Amino acid sequence: MVEAIAHDVEGVREMPQPRLTFACELSSERLEDLFADRSIIAGLRALNSRVALALAAFTPERAGVVRRLNDEGVPVVAIPLLSFGEGYYFTADNFVRAADRYGEWKAWTDEQRLVWDAVGLDIEPDVRLYQQIADNPWGVVPMLLPRILQRDRPRRAAVAYAGLVARIRADGWQVENYQFPLIADERRAGSDLLQRLAGL
C-alpha cells in the first residue's frame, strides 16, 4: 500500500515522497522471527514506512511485536480479523460479528497498552469462497447465485460499517479500508452486482 497526498506550493502541485505500508499476515511465531531481525526494522525506518498487521488472534506474542515496533518508531496499523472458521475477513454478512471483534481487539489493545497508527477494515469475501475457488471453481456458482436477488445486502452492510467507522473514530483512531479496484469501478458505473455476489 502506498499513500501520498498532493500539496500546492505557490501554485505548483507538488507530490511528496510516497509512504509505503507493508501488509503482514504471518503466524505469531513467524512474525516474531521476522521482527527479531534488526535489519528489517532498520529498513522500515529508513523507508519511513508502516506495517499493517493482520490480527486473527490477539496473543501476547503479537503484542510483543507491536511494542517492539512502537519502541523502534515504526507505525503499526491494526487489521482486526475473525478466525478462519468464522470466515477470516469482515464481509457484507458478518458486520455484527465484525463490530464485536473490534470490541475484542480494543479490549486487548487497552490491556496490552499498544499504540496504533490506524485501524484497517479489510472487507472481502468470506475466506471459504476463496477456498472453494481453489478446490472446485464450479462449486462457487451455487454459493453466489442466491445473492443476485439480495439487493439490500450492500446497503445494510454499508450502514453498519459506517457505524463501526464512527465508533472507531470516536475511540481516537483513524480508519482505513482496503478494497478491490474493481469495486471502485463498479460504483462509478452505478452498479452493485459484484458487491452483492462477493459480499463486499
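A brief look at the structure comes next. (Residues numbered from 1 in each chain as written. Predicted model: local features only at pLDDT ≥ 70, side-chain atom pairs only at ≥ 80, totals over all residues. Heavy atoms only, no water.)

### Some points on the overall build of the chain
- The helix and strand inventory of the chain stands at 9 helices and 8 strands.
- Looking at the chain as a whole, 40% of its 200 residues qualify as buried.
- By sequence separation, contacts in the chain at least 24 residues apart represent 72% of the contacts at least 6 residues apart.
- Accessible surface computed for the chain: about 11,300 Å², of which carbon and sulfur atoms make up 56%. (Helix = DSSP H or I, 4+ residues; strand = E, 2+ residues; numbered from the N terminus. Buried < 20%, exposed > 50% of the residue type's maximum accessible area, 1.4 Å probe, protein only. Contact = heavy atoms within 4.5 Å. Areas by Shrake-Rupley, 256 points an atom, 1.4 Å probe, with all protein chains shown as cover.)

### Some remarks on the layout of surface pockets
- Taken as a whole, the second largest pocket spans an internal volume of roughly 170 Å³.
- Along the wall of the second largest pocket there are 13 residues; nearest its centre are Ala23, Glu25, Ile79, Asp122 and Tyr178.
- The residue makeup of the lining of the second largest pocket, split by class, is 10 nonpolar, no polar and 3 charged. (1 Å grid on protein atoms, 1.4 Å probe; cavity = no way out; pocket = protein on both sides within 12 Å on 5 of 7 lines; lining within 4 Å. Points joined across faces, edges and corners; volume = space filled by probe spheres on them. Nonpolar A, V, L, I, M, F, W, Y, C, P; charged D, E, K, R; others polar.)

### What to know about unusual backbone geometry
- Of note in this structure, asparagine 48 is not a glycine but carries a positive phi near 55 degrees.
- Structurally, asparagine 48 can be placed in the loop between helix H2 (38-46) and strand E5 (50-55).
- What makes asparagine 48 exposed here is its relative accessible area of 53%.
- The backbone of arginine 113 shows a phi angle near 55 degrees, a positive value even though the residue is not glycine.
- Along the polypeptide, arginine 113 turns up in the loop between helix H4 (95-112) and strand E7 (118-122).

### Quick word on the packing of aromatic side chains
- By the definition in use, this model includes 7 aromatic pairs.
- Members of the aromatic cluster, each reached through a chain of ring pairs, are Phe58, Tyr102, Trp105, Trp108, Trp116 and Trp173. (Phe/Tyr/Trp six-rings, centres within 6.5 Å; stacked < 30°, edge-to-face > 60°.)

### Examining the environment of tyrosine 178
- Here tyrosine 178 is to be found in strand E8 (residues 175-178).
- Spatially, the C-alpha atom of tyrosine 178 lies 8.6 Å from that of glutamate 124, the residues being 54 residues apart in sequence.

### Concerning the pattern of salt bridges
- The final tally for this structure, using the stated rule, is 8 salt bridges.
- For the salt bridge of arginine 45 with glutamate 72, the shortest nitrogen-to-oxygen distance reads 3.4 Å. Of this pair, arginine 45 sits in helix H2 while glutamate 72 is found in the loop between helix H3 (60-71) and strand E6 (76-80), placing the two residues 27 residues apart along the sequence.
- The partner of arginine 97 in a salt bridge is glutamate 86, with the nearest N and O atoms 2.6 Å apart. In this pair, arginine 97 sits in helix H4 while glutamate 86 sits in the loop between E6 and H4, placing the two residues 11 residues apart along the sequence.
- Overlapping salt bridges, with partners in common, bring together Glu86, Arg97, Arg101 and Glu104 in one network. (Salt bridge = Lys/Arg side-chain N within 4 Å of Asp/Glu carboxyl O.)

### Digging into the environment of leucine 164
- Mapped onto the secondary structure, leucine 164 falls in helix H7 (residues 153-170).
- Under the relative-accessibility criterion, leucine 164 is labelled buried at 4%.
- Along the primary structure leucine 164 and alanine 98 are separated by 66 residues, whereas in three dimensions their C-alpha atoms are 8.6 Å apart.
- Setting aside residues no more than four positions away along its own chain, leucine 164 makes contact with Ala98, Ala99, Tyr102 and Leu121.

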